[in-house]
Amino acid sequence: MAENEVRVRYAPSPTGMQHIGGVRTALFNYLYARSQGGKFILRLEDTDRTRYDEKYVQNLYDTMSWLGIDWDEGGSKGGEYGPYVQSERFELYKKYAYELVEKGEAYFCFCDAERLDRIRKIQTENKMAPGYDRNCRHLTEEEVKANLDAGKPYVIRLKVPMEGETKFADHLLGDIVWKNEDISPDPVLLKSDGFPTYHLANIVDDHFMKVSHVMRAQEWIPSTPLHVQMYRSFGWEHPEFCHLPMVNGSDGKKLSKRHGSTSLNEFRARGYLPQAIVNYVALLGCSYIDGQDMYTLDELAQNFKLEHLNKAPAVFDYKKLEWYNGNYIRQLSAEELYKWTLPFITGTGDATLEINPENPQPKPKVGPEFSGVAIGEDGEPYCVDESMGLSKADVKQRLMDLMPLIQERLKFLCDAAEMVRFMFVPLTVPPVEEIVPKRIDAAKTKEVLESAKEFVKMIPTSDHETAENFAKAESERLGIKLGDYMMPVRMAVTGSRVSPPLIGSIMALGVEESLKRIDMTLATL
């Protein structure tokens with residue numbers, strides 16, 4: 001390692017799916033490493049075996065890859081300071097836990113679960129501060145030896161100073177001073193089954209992986225004095241600390257499922273692009289270039305500075321993220337948009353990821369049920385309704401032709417399914433109340449649709465402006481607003497309010513089919 005090389009890490013516990021807060025931490029670490037020409041390490045802190053699941057490990061790697069956050073060490077890439085999975089480093093943790101005992105910085109604790117439960121109960125009943133009562137801290141060498149010789153189970157606890165203060169500097173918050181009496185009293189480092197606790201594994205790993213900066217959420221501040229004390233006990237220099245601002249919902253409380261999507265998988269299932277997630281999340285608590293909103297990942301890395309972090313909590317604004325998503329969708333080529341929307345049109349890939357049923361946002365309408373298009377075993381889309389007489393080549397061509405049309409209307413990739421439906425499903429005439437605008441009646445609506453036949457016929461030989469002007473003139477002649485003229489035509493041609501721009505839809509569908517659908521609708525009025 002080069003002297004003074006920046007080395008940062010993202011070290012999640014694989015006990016759940018990656019969420020937006022964790023992604024922000026990973027992203028800031030990644031951006032800082034890239035801005036300094038340093039290394040970004042991906043490490044698994046899998047000491048919690050009760051909640052561990054291999055699917056969460058895979059989700060970590062999938063999420064980082066989907067976002068384009070490329071790590072330098074860890075996972076399949078390995079590295080000179082590996083292994084990068086804590087469960088593969090247990091002997092190292094044991095060695096250093098016992099070393100602290102030998103140095104007099106830690107001790108064997110033989111208290112059983114029954115005694116610890118009794119202590120907790122007494123503390124609760126008497127409204128005392130929780131924590132171990134340091135009973136075994138004062139055992140003599142003879143008592144310790146007798147317990148060990150008797151094979152009595154034990155844990156190893158850190159000797160936290162009972163007086164004085166622990167001070168450390170934080171890049172964002174400045175100097176932080178913590179009374180030692182307020183640090184968790186003598187926490188366990190090594191459990192009775194030989195497994196390390198989070199604190200021991202975290203400190204040993206950061207030291208031996210030569211982590212230079214620890215960047216994590218501010219909720220970890222209460223643990224930092226303990227970590228500083230552990231570094232002191234080992235005789236090691238601790239890394240620099242930077243506790244990132246919290247991410248809150250619009251109500252000022254920590255972002256959670258009640259606000260909406262928080263799992264990255266759910267954002268994917270709801271049709272967000274990774275570029276939009278990266279751009280927006282990078283701005284949660286950090287500033288870059290004045291007057292600029294849109295950034296590539298490389299631009300973010302080039303302009304990331306610790307001094308540009310904000311102390312105040314960031315507010316997660318779903319509407320702002322929606323704005324970013326729409327903007328990035330409109331930057332895609334037709335081929336790229338086809339690639340990104342196809343899973344949602346056919347109900348495959350990201351569209352199959354789990355949606356939180358309690359999410360206040362409605363479930364996306366995706367797949368053949370809404371689009372009329374499914375995916376074949378050969379990976380190509382096909383029309384579910386054979387009566388449409390469309391070959392696979394026809395389906396793909398129609399979808400490609402629709403991409404420029406739907407692009408301007410898409411806020412989310414998942415909206416594409418309903419927007420393309422009119423091209424792949426025989427029209428079912430909507431209920432009359434959906435065809436007739438609120439400001440006019442059925443008789444006037446019939447006049448609109450009769451007029452619309454001429455509107456449809458002129459479209460292939462006219463430019464967009466001429467066709468629009470015709471519709472405006474007709475709406476004025478009929479004494480109605482333009483919206484009340486276009487809406488019945490849209491419902492007749494596409495069967496839905498959710499569709500691409502009307503003139504483009506008619507061009508894609510063809511004059512003959514469009515007129516046929518208008519006549520079918522007129523017959524119901």
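Our subject is the structure that appears above.
None of these values were measured; they are calculated from a predicted model.

A. Up close: helix α11 (residues 318-331). Over its 14 residues, α11 runs 20 Å from end to end, which matches the ideal 20 Å to within 8%, given 1.5 Å per residue. For α11, every residue scored as buried is listed here: Y318, L321, E322, Y324, N325, G326, Y328 and I329. In this fold, the buried residues of α11 make contact with α8 (264-269), α9 (274-282), α12 (334-346) and α14 (392-407). One side-chain oxygen of the residue at the start of α11 lies 2.9 Å from the amide nitrogen of K319, identifying that residue as D317.

B. Local environment of the packing of aromatic side chains. Inspection of the entire model under this criterion finds 29 aromatic pairs. With a centroid separation of 4.5 Å and an interplanar angle of 55°, the aromatic rings of F90 and F195 are classed as tilted. Remark: F195 occurs in the loop between β7 (188-190) and α6 (198-208) and F90 occurs in helix α3 (residues 90-102); sequence separation between them is 105 residues. F90 sits in the buried class, given a relative accessible area of 15%. Residue F195 is classed as partly exposed on the basis of its relative accessible area of 23%. Above the plane of the ring of W323 lies K320, whose end atom (NZ or CZ) is 4.6 Å from the centre.

C. Structural view of the pattern of salt bridges. Scanning the entire structure with this criterion turns up 33 salt bridges. For R9, the salt bridge identified is with D206, shortest N-O distance 2.8 Å. With R9 in strand β1 (residues 7-10) and D206 in helix α6, this residue pair connects regions lying 197 residues apart in the sequence. Accessibility assignment for this pair places R9 and D206 in one class, buried. A salt bridge links K167 to D175; the shortest N-O distance between them is 3.9 Å. Grouping residues by exposure puts K167 and D175 together as exposed. Taken together, the salt bridges that share partners define one network made up of R9, R43, E45, R89, D205 and D206.

Definitions and limits used
- Residues numbered from 1 in each chain as written.
- Predicted model: local features only at pLDDT ≥ 70, side-chain atom pairs only at ≥ 80, totals over all residues.
- Heavy atoms only, no water.
- Helix = DSSP H or I, 4+ residues; strand = E, 2+ residues; numbered from the N terminus.
- Expected span 1.5 Å × (residues − 1).
- Buried < 20%, exposed > 50% of the residue type's maximum accessible area, 1.4 Å probe, protein only.
- Contact = heavy atoms within 4.5 Å.
- Polar contact = N/O pair within 3.5 Å; in protein donor to acceptor, adjacent residues only side chain to side chain.
- Phe/Tyr/Trp six-rings, centres within 6.5 Å; stacked < 30°, edge-to-face > 60°.
- Lys NZ or Arg CZ within 6 Å of the ring centre and 35° of its normal.
- Salt bridge = Lys/Arg side-chain N within 4 Å of Asp/Glu carboxyl O.

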